[in-house]
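The lines below spell out each chain.
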Amino acid sequence: MSDAREGQSAGPDRFDVLFCTFGSRGDVHPYIAVALALREMGITSAIATGKEHEATVRRAAGRDGRAGVIGFVSVPPSREEFDRDGGMMERVLDPVRGAEFIFGQIVCPFLERTHGATLAAARAGGCRLIVGHPLAVTAPMVAEQLGLAYVYTFLQPMSIFSATDPPVIPAAPWLHGLRRLGPWAHRALYRLMARRLRTLGEPIERFARGLGLEPEPGRTLLQRLESKVLNIAMFSPVVAPPQSDWPANTHAVGACLWDDPGAEDSAESAALEAFLRSGEKPVVVTLGSAAVEIGQHVYEHALEGALRAGRRCVLLTGPMDAPAAARGRSDVLAVRYGAFSRILPASCVVVHSCGAGTMAQVMRAGVPQVCVPFAHDQPDNAMRVRRLRAGVMMGRSATSVERMRRAIERVLDDGEGFIAGARAAAERVRGENGARAAAGLIRDVLSRRG
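Residues numbered from 1 in each chain as written. Predicted model: local features only at pLDDT ≥ 70, side-chain atom pairs only at ≥ 80, totals over all residues. Heavy atoms only, no water.

1. Some remarks on helix α2 (residues 54–61)
Of all eight residues in α2, six are buried; the element is thus mostly enclosed. Taken residue by residue, α2 has Glu-54, Thr-56, Val-57, Arg-58, Ala-60 and Ala-61 as its buried positions. A positive phi of about 80° marks Gly-62, the residue just after α2. (Buried < 20%, exposed > 50% of the residue type's maximum accessible area, 1.4 Å probe, protein only. Helix = DSSP H or I, 4+ residues; strand = E, 2+ residues; numbered from the N terminus.)

2. Regarding the packing of aromatic side chains
One pass over the full model with this rule turns up five aromatic pairs. Summarising the aromatic geometry, the rings of Phe-19 and Tyr-31 are spaced 6.0 Å apart at their centres and angled 55° between planes, so their arrangement reads as tilted. With a gap of 12 residues between them, Phe-19 in strand β2 (residues 17–20) and Tyr-31 in helix α1 (residues 25–40) connect regions that are remote in the sequence. The exposure classification of Phe-19 matches that of Tyr-31, with both residues buried. Between Arg-389 and the ring centre of Phe-418, over which it is positioned, the NZ or CZ distance is 4.1 Å. (Phe/Tyr/Trp six-rings, centres within 6.5 Å; stacked < 30°, edge-to-face > 60°. Lys NZ or Arg CZ within 6 Å of the ring centre and 35° of its normal.)

3. What about the pairing of strand β6 (residues 149–154)?
Of all the six residues making up β6, six are buried; the element is thus mostly covered by neighbouring parts of the structure. The two faces of β6 match: Ala-149, Val-151 and Thr-153 on one face and Tyr-150, Tyr-152 and Phe-154 on the other face are all buried. With respect to chirality, the unit in which strand β5 (residues 129–132) leads through helix α7 (residues 139–146) into the neighbouring parallel β6 is right-handed. (Right-handed = clockwise from strand over helix to strand, strands pointing away.)

Shown next, in the form of C-alpha cells:
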C-alpha cells in the first residue's frame, strides 16, 4: 500500500531538487540515476510521478536512513486513473496520433491536479530547483510561481527537433529525406508543425494564464518547456552530436542509466543466471515497459527467427505471457524482468523496440541490434543505431519469422560490419557517465543560486 499521499513526500521532509516526470519505467529510471548521483554529492532530492512508480523509487533509495535519501511524491495522474479499461497502450503507441492522445486525453485533463500536487510538494519540501520531463508541463509553472531554478531534460534526440540533424518523425518518416535539401527544408517543416503544436498547447496556455503566468509569444509548446538556465540532453553525443541549432545552455551528458535489480524474481534470476552460463550467447528479445503490452507478434516472430537461425533465446516479457512456442524448450528462457547490465553483455543480438534507455544499454553492451520501433522517438533512435552501423531496423507491422531470421543472421555476419560497428560505438559510450555529469550540472546551478 502506498505511503505517499498526493503532493506529499514519502521520504525526507526537506529536499533540494524535485524531479517531475511522467510515463513508463523508461521515463523514471533516468531521474533515479541522477538522484542517486546527487545523493553522492550530498544533495537531497525527491521524484514526483505517478503512484505506480513508488515501489521502484523506494527500491532505488534503499530506505537506508542516511542523509540524502531519495523521496517519492505521488503526482497525478496515475495509470489506473487514465487507463481504466486497460486498452490504452495501443492508442499511446499509435505512430500518427499517439502524441495527440497523450496530450489531449492524459496530460491536459489532469493539469489542475498535477499542478496542485507539484506545487504542494515543492513548497513543503523547501526545494530550490525543479527538473522537468517533456510531459511534466506544469513543472516550469511551479518553478516560476515559487521563484525556483528550473532545469529541462531531453530524454531523446528527437525531442530537440534540430534542422541540421533532423529526426525521423513517426507520422511521416519519409520526410526525413528532406535532409538532403539542407537545413532550410526542415526549418520550413517545423514552422508548419508549430501550428499543430499551438493547437495541442492551447489548454496548457489557458491554464498557465489562469495562474497569472503569461507564456512567451512565438514559442511552441515544447519550446516553452525549455529552460533559459540549463537544458540537459540525457543521451550520448555519439548517438546525436551537439548541433548549432540546439537550444542555448544545452549539454549532452550521455545516457543516465539505472537498473532495478530489486524488481527481479529470485527464482527467475537464478534460472536466468544458469541459462546464460549453460551455452552460447542467446538472442535477447525485449520491448521495454510500454510496447511489451501490444507487441506479442514481435516476440513470436523474434523467437522463431532466432531458433531458425540456430540461436538460443531469452525473452523479457514484463507482465505479459510468453509465446506458446517458448514452453518446454531447453534453448529458450522467458522471464518477466532482468537487469540489462547483467543480461545484455551476455547476449549475441538484442531485438527491441528502441526506446532511448534500452538503446543506450544495448549500445553500451557492444551488441548488434535488431530494432523494431513502434512510435514516438523509437523510429528516430533506430535510424541513429543504423547510422552508426550498430544494427538494423524493421517496422512493427513488417515483422515475420523469416525477416527476423534474416535480420539476426545479417547482424551476426562479420562481413556485414554490424558486430564491429556495435563494438566501436560501445568503446565510445562506455567512457560516459551521464548521471554523474547531469548531477554535476545541477549542483553548479544550485551553487550559483546560493
